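Analysis of the macromolecular model
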Amino acid sequence: MRAAVLSIRNLRSACRHQRNTYSSAFVRRRSHLIESSSSSVYRLPNNAKINKFLFPTIFISRPFSTDAASKVNVTVNRAGPLVEYERRIAAGELVDGDACQLLQVGTLRELQRLYDEIVESADACRLDRYAAPEKTVRNGWFWSRLMPQSSYSPVNGLYLYGGVGTGKTMLMDLFFDQLPCNWRKKRIHFHDFMLNVHSRLQRHKGVADPLEVVAGEISDEAILLCLDEFMVTDVADALILNRLFRHLFSNGVILVATSNRAPDNLYEGGLQRDLFLPFIETLKERCVVHEIGSAVDYRKLTSAEQGFYFIGKDLSGLLKQKFEQLIGENVASPQVVEVVMGRTLQVPLGANGCAYFSFEELCDKPLGAADYFGLFKNFHTLALEGVPKFGLHNRTAAYRFVTLVDVMYENRSRLLCTAEGSPQELFENVVTVSDAQQMAPRTSSRSRRNDDSDLCVDNELGFAKDRTISRLTEMNSKEYLEQHAEERKLLSQELVNADAVVQA
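Scope of this entry: the structure provided in the associated data block. (Residues numbered from 1 in each chain as written. Predicted model: local features only at pLDDT ≥ 70, side-chain atom pairs only at ≥ 80, totals over all residues. Heavy atoms only, no water.)

**Quick word on the sheet that holds strand β12 (residues 381-387)**
The condition is simple: Only strands that DSSP links by at least two bridges are regarded as paired with each other. Strands are runs of DSSP state E lasting at least two residues, helices are runs of H or I lasting at least four, and both sets are numbered from the N terminus onward. In this description, a line fitted to the C-alpha atoms serves as the axis of each element, helices being fitted only across the stretch in contact, and the angle between N-to-C directions of two axes falls anywhere from 0 to 180 degrees. Between two residues, a contact is recorded if the distance between any of their heavy atoms is within 4.5 Å.
Pairing within the open sheet is mixed, and its six strands lie in the order β8-β13-β12-β11-β10-β9. A strand with exactly one partner marks an edge of an open sheet, and here the two such strands are β8 (309-311) and β9 (333-338). The average undirected angle you get between the axes of adjacent strands in this sheet is 25°. In this sheet, strand β10 (residues 344-351) lies alongside β9 in antiparallel orientation, the contact comprising five bridges. By the bridge assignment for β10, Ser333 is matched with Gly350. Contacts between helix α16 (residues 395-410) and the sheet are confined to β12 and β13 (414-419), with β12 contributing the most and set at about 160° to the helix.

Written out as structure tokens, the structure is:
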């Protein structure tokens, strides 16, 4: 047994040595090519091209160096987010021709810089889950209590922010997918991440510093943490974020995050924001902050159709008819869904992966992201009846609706709904403080014609509404619905294959 363990350790050591040899050779070869080549364009498979000045990381289809070639003939076809982005443009998978595309290239350069730094410092960052001693990973928190020490990463993370539909999530996913599968990395929506944190805190009640324990567990699982849609609206989240992330950064965690808000604008106007401000400084200290400035909302470039979004009142009969068509011969009945920490959610009608709710049942009750995540772990389609226009009178319901759409979009779920207006019309009365200050003063005749008493001035909701409008537009597009149908088809085939294996 001992001999086997020693053999495995020797094999791992040899693999690491070989990988470092190839990486060093690759860097030397790449530098030589960029400096000495007289051509500004490198040719790729399928006649794709990469401009070396915009995309310095390139495909190489020949050996890295003479030394490396003598050991193995390697073909590198994934060398970071810049190369993958260009490949997708060339393949027609992404839209080209944006007037602000150079701004996206600037963002890709930042992601490529981070990619290169992380790859170069992979051992120092302890990213390889198999290279870390099992005892350290399993008992990291225990040993940190005996011998407290900080281990900040030598690499700073990246905080990307910008308007809705500018490709933040796509760019972060592109970066994440280029990194080795054996690394300790995690990509998760911010809502889901905070639910996980609160669930862990509940399990560690009674511990002197439960946040330190939770941070230890998270950093044992993932050194590279990618959080999508970083948005702080909950006071309970705001009060723990600084201490939580100080522990995480001290454990060597590298954060990559996307958001609609600049760091200084996070949790703006929130309760006890003065206690949140130290987190902003911590965030800016450990992350490079970069703004994505594209003027194009890519989600609105899809071929919008009426789809399953029905505008008008008294359309419940039509919605139920569509719902029954989707469930086919199945009979819809009330169901109960498990959420978190023993909580459950009552589903009025459910069958064949489809759930039916009225807006009041899902957004006027004290529900949150945890309930919605639990719902869409069990259902892929939601029929939602009676979405109202939002204003001051139903601001809390508007926040829940924004969260609901976020969770649906994250899970690539399908939405059927009846609403009082288009996505834009639903949020007409929700504005930011700056928007409210720029609005023209009302005249007496305008007051009679259009009462603004329901105007909701809320910075967080005012910024979030643009994302919700954009996502509702995309979720109603032909491309989104076709992708949803394809994913359901593939999942069904996988289940059939799994059943066949079990029966065999």
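Here the narrative resumes.
**Observations concerning the pairing of β10**
Between the end of β9 and the start of β10, which pair antiparallel, lie five residues, with Met341 showing a positive phi angle near 50°. In the sheet, β10 pairs with strand β11 (residues 354-358) via three bridges, with the strands oriented antiparallel. Counted as the bridge partner of Gly350 is Ala355 from β11. In this antiparallel pair of consecutive strands, β10 and β11, the connection spans two residues, and Asn352 shows a positive phi of 55°.

**As for the sheet that holds strand β5 (residues 224-228)**
The parallel open sheet is built from five strands, whose spatial order is β4-β5-β6-β3-β7. Edge positions in the open sheet fall to β4 (185-189) and β7 (287-292), since each of these has one partner strand only. Ignoring strand direction, the axes of neighbouring strands in this sheet form an average angle of 10°. Where strand β3 (residues 157-162) meets β7, six bridges bridge the pair, whose relative direction is parallel. In the sheet register, Leu160 faces β7, and the bridge partner there is His290. Here helix α12 (residues 277-286) sits on the sheet and contacts β3, β6 (254-259) and β7; the angle it forms with β7, its principal contact strand, is near 90°.

**With respect to the environment of Thr468**
Selection criterion: In this scheme, a residue with accessible area under 20% of its type's maximum is buried, one over 50% is exposed, and one in between is partly exposed, where area comes from a 1.4 Å probe on protein chains only.
When you line up the elements, Thr468 lands in helix α20 (residues 459-475). Exposure remark for Thr468: the relative accessible area of 0% places this residue in the buried category. Separated by 41 residues in the primary sequence, Thr468 and Phe427 have C-alpha atoms spaced 9.4 Å apart. Dropping the residues within four chain positions of it, Thr468 is found in contact with Phe401, Val402, Val405 and Phe427.

**Section: the nonpolar core**
Put simply, the test is: The criterion is simple. A nonpolar core is a set of buried Ala, Val, Leu, Ile, Met, Phe, Trp, Tyr and Cys residues joined through side-chain atoms within 4.5 Å.
Ranked by internal contacts, the top residues of the largest apolar core, which has 45 residues, are Leu362, Leu384, Phe401 and Leu404. Of all the secondary-structure elements, those providing two or more residues to this core are β10, β11, α14 (359-363), α15 (369-376), β12, α16, β13 and α20. If one sorts the elements of this core by residue count, α16 sits on top with nine residues. Among residues more than four places away in sequence, those in contact with Leu384 are Leu319, Phe357, Ser358, Phe359, Leu362, Phe401, Leu404, Leu415, Leu416, Cys417 and Thr418.

**Concerning the packing of α16 against α20**
What describes two packed helices is the angle between their axes and the distance between those same axes. Here is the rule: Each angle receives one of four descriptions, namely roughly parallel if under 35 degrees, roughly antiparallel if over 145, roughly perpendicular if within 65 to 115, and oblique otherwise. Two helices cross in a left-handed way if the nearer one is turned anticlockwise from the farther one by less than a right angle. They cross in a right-handed way if the turn is clockwise. Put simply, Ala, Val, Leu, Ile, Met, Phe, Trp, Tyr, Cys and Pro go in the nonpolar bin, Asp, Glu, Lys and Arg in the charged bin, and everything else, Gly too, in the polar bin.
Where α16 contacts α20, the two axes come as close as 10 Å, and the packing angle between them is 45°. Between α16 and α20, the angle is such that the two are oblique. Where α16 crosses over α20, the handedness of that crossing is left-handed. In this structure, α16 contributes Arg395, Ala398, Tyr399, Phe401, Val402, Val405, Asp406, Met408 and Tyr409 to the contact, and α20 contributes Glu460, Leu461, Ala464, Arg467, Thr468, Arg471, Leu472, Glu474 and Met475. Taken together, the residues of the contact of α16 with α20 break down into eleven nonpolar, one polar and six charged.

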